[in-house]
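Coordinate analysis (summary)
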Amino acid sequence: MPEPLLQTPPAPGTGRTLRVCALYPDLMNIYADRGNLLLLQRRCAWRGIGFELTGAGLGDAVDPDAHDLFYMGGGQDRDQALCAQDLVDTKREAIHAAAARGAVVLAVCGGYQLLGHSYELGDDLLPGVGLLDLKTVRHDGKRLIGNVAIEVELPGLDGPRVVAGFENHGGRTHLADGQPALGRVLKGHGNTGESGTEGAMSPTGTVIGTYIHGPLLPKNAWLADWLTQRALGLEEPLAPLDDAMESAAHASAKAAAGLS
Ligand SMILES: NC(=O)CC[C@H](N)C(=O)O
């Protein structure tokens with residue numbers, strides 16, 4: 001097992017630790033998506049929950065039972081091409097096994113595209129791990145860029161919520177019939193610019209792919225808490241924190257997308 005990239009111990013007597021595996025933390029980290037990991041770490045530390053971040057790069061095997069949450073950030077087409085076959089060859093089985101036992105898998109943009117079946121890039125076809133039933137095709141037309149806000153309904157939450165952030169992708173992602181989207185586009189482009197859907201998730205909500213950067217979690221701290229609760233297998237929501245700054249960041253991301 002490689003040395004953790006980041007580690008904070010649990011508060012004495014609590015014993016709980018969120019164990020995170022970042023897939024390709026160097027190659028798949030466009031738009032500072034690493035901020036998603038730092039936010040998870042800070043919110044665990046503030047609550048006395050331990051945090052352990054392990055990286056899995058090219059050629060590294062992954063232990064499906066050693067992590068509660070798998071994370072893959074966005075990437076340029078070139079970097080995705082480096083990772084795609086490696087992901088299938090050295091990590092696909094472990095990620096499927098982890099997801100099947102309820103581990104959380106969160107993937108952003110380029111990472112999201114690699115959770116599907118394939119990413120078609122002109123004459124090249126990058127393979128995906130097939131954890132979500134979708135395909136992505138690189139479009140010759142304009143990139144889908146801008147602030148975005150979507151409405152999501154996640155299991156265990158009392159009503160719809162808004163996820164807000166920023167998107168920048170050339171790929172158009174097509175969901176298979178029956179594949180749930182993560183949310184409905186309120187402002188912005190989403191999966192194709194036309195479908196009205198954004199992202200994708202498994203029926204339990206524990207496997208999530210989205211085009212939303214920002215980074216995603218600092219602008220949507222409530223989502224980080226929901227994912228952490230799921231990853232730790234907790235029945236009850238996490239204890240609240242003073243989220244004045246996080247709420248302001250969320251409001252400002254919504255406003256930037258044109259929502260009041
Ligand atoms: N922002 C990203 O991660 C980009 C993903 C992919 N390279 C695309 O352009 O569609």
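Predicted, not measured: the structure shown is a model, and the values here were computed from it.

Focus: the side chain of D225
Position of D225 among the secondary structure elements: in helix α6 (residues 221-232). The class of D225 is buried, set by a relative accessible area of 13%. A distance of 2.8 Å separates a polar atom in the side chain of D225 from a polar atom in the side chain of R47. Every residue in contact with D225, bar those within four places of it in the chain, is listed here: R43, R47 and L238.

What about the sheet that holds strand β10 (residues 161-169)?
On the basis of which strands lie adjacent, the open sheet formed by 4 strands has the order β10-β9-β12-β13 and antiparallel pairing. Single-partner strands in this sheet number two, and they are β10 and β13 (197-198).

Points about the state of the cysteines
Counted by the stated rule, this structure contains 0 disulfides. Free cysteine: C44, not disulfide-bonded; nearest cysteine sulfur from C21 at 16 Å. As a non-bridged cysteine, C83 has C21 as the owner of its nearest cysteine sulfur, 13 Å distant.

Brief notes about the site of the ligand
Taken together, 17 residues form the shell around the ligand, and within it D77, Q80, C109, R143 and G171 come nearest. Within the side chain of D77, a nitrogen or oxygen atom sits 2.6 Å from a nitrogen atom of the ligand. A distance of 3.1 Å separates a nitrogen atom of the ligand from a polar side-chain atom of H213. At the level of elements, α2 (77-90), α4 (110-115) and β10 are the ones that each hand at least two residues to the shell around the ligand. Partitioning the shell around the ligand into residue classes produces 4 nonpolar, 11 polar and 2 charged.

What to know about the UniProt feature "domain: CobB/CobQ-like glutamine amidotransferase" (unreviewed entry) in the chain
UniProt records the feature "domain: CobB/CobQ-like glutamine amidotransferase" (unreviewed entry) for residues 19-220 in the present numbering. In this annotation, residues 19-220 is assigned 23% helix and 35% strand; the end-to-end C-alpha distance for the span is 21 Å.

With respect to the packing of aromatic side chains
By the definition in use, this model includes 2 aromatic pairs. Here the aromatic rings of Y31 and F166 are separated by 6.0 Å at their centres, their planes lie at 85°, and the arrangement is edge-to-face. Taken as a pair, Y31 in the loop between β2 (17-23) and α1 (34-46) and F166 in strand β10 lie far apart in primary sequence, 135 residues in all. Here Y31 falls in the partly exposed class, since its relative accessible area comes to 35%.

With respect to the environment of A239
By the secondary structure assignment, A239 is in the loop between α6 and α7 (244-257). With 84 residues separating them in the primary sequence, A239 and P155 have C-alpha atoms 18 Å apart.

Structural notes on the sheet that holds strand β6 (residues 118-121)
The 4 strands lie next to each other as β7-β6-β8-β11, forming an open sheet whose pairing is mixed. Looking at strand neighbours, the two that pair on one side only are β7 (124-127) and β11 (171-175), the edges of this open sheet. Pairwise comparison of adjacent strand axes, ignoring direction, gives a mean angle of 20° for this sheet. Sheet analysis places strand β8 (residues 134-138) next to β11, joined by 5 bridges and oriented antiparallel. Among the inter-strand pairings, K135 is bridged to a residue of β11, identified as H174. Here α2 sits on the sheet and contacts β6, β7 and β8; the angle it forms with β7, its principal contact strand, is near 50°.

What counts and what doesn't
Residues numbered from 1 in each chain as written. Predicted model: local features only at pLDDT ≥ 70, side-chain atom pairs only at ≥ 80, totals over all residues. Heavy atoms only, no water. Helix = DSSP H or I, 4+ residues; strand = E, 2+ residues; numbered from the N terminus. Buried < 20%, exposed > 50% of the residue type's maximum accessible area, 1.4 Å probe, protein only. Polar contact = N/O pair within 3.5 Å; in protein donor to acceptor, adjacent residues only side chain to side chain. Contact = heavy atoms within 4.5 Å. Pairing = 2+ DSSP bridges. Disulfide = S-S within 2.5 Å. Near = heavy atom within 4 Å. Nonpolar A, V, L, I, M, F, W, Y, C, P; charged D, E, K, R; others polar. UniProt positions renumbered as here; feature names shortened; annotations may be inferred. Phe/Tyr/Trp six-rings, centres within 6.5 Å; stacked < 30°, edge-to-face > 60°. Axes fitted to C-alpha atoms, helices over the stretch in contact; angles between N-to-C directions.

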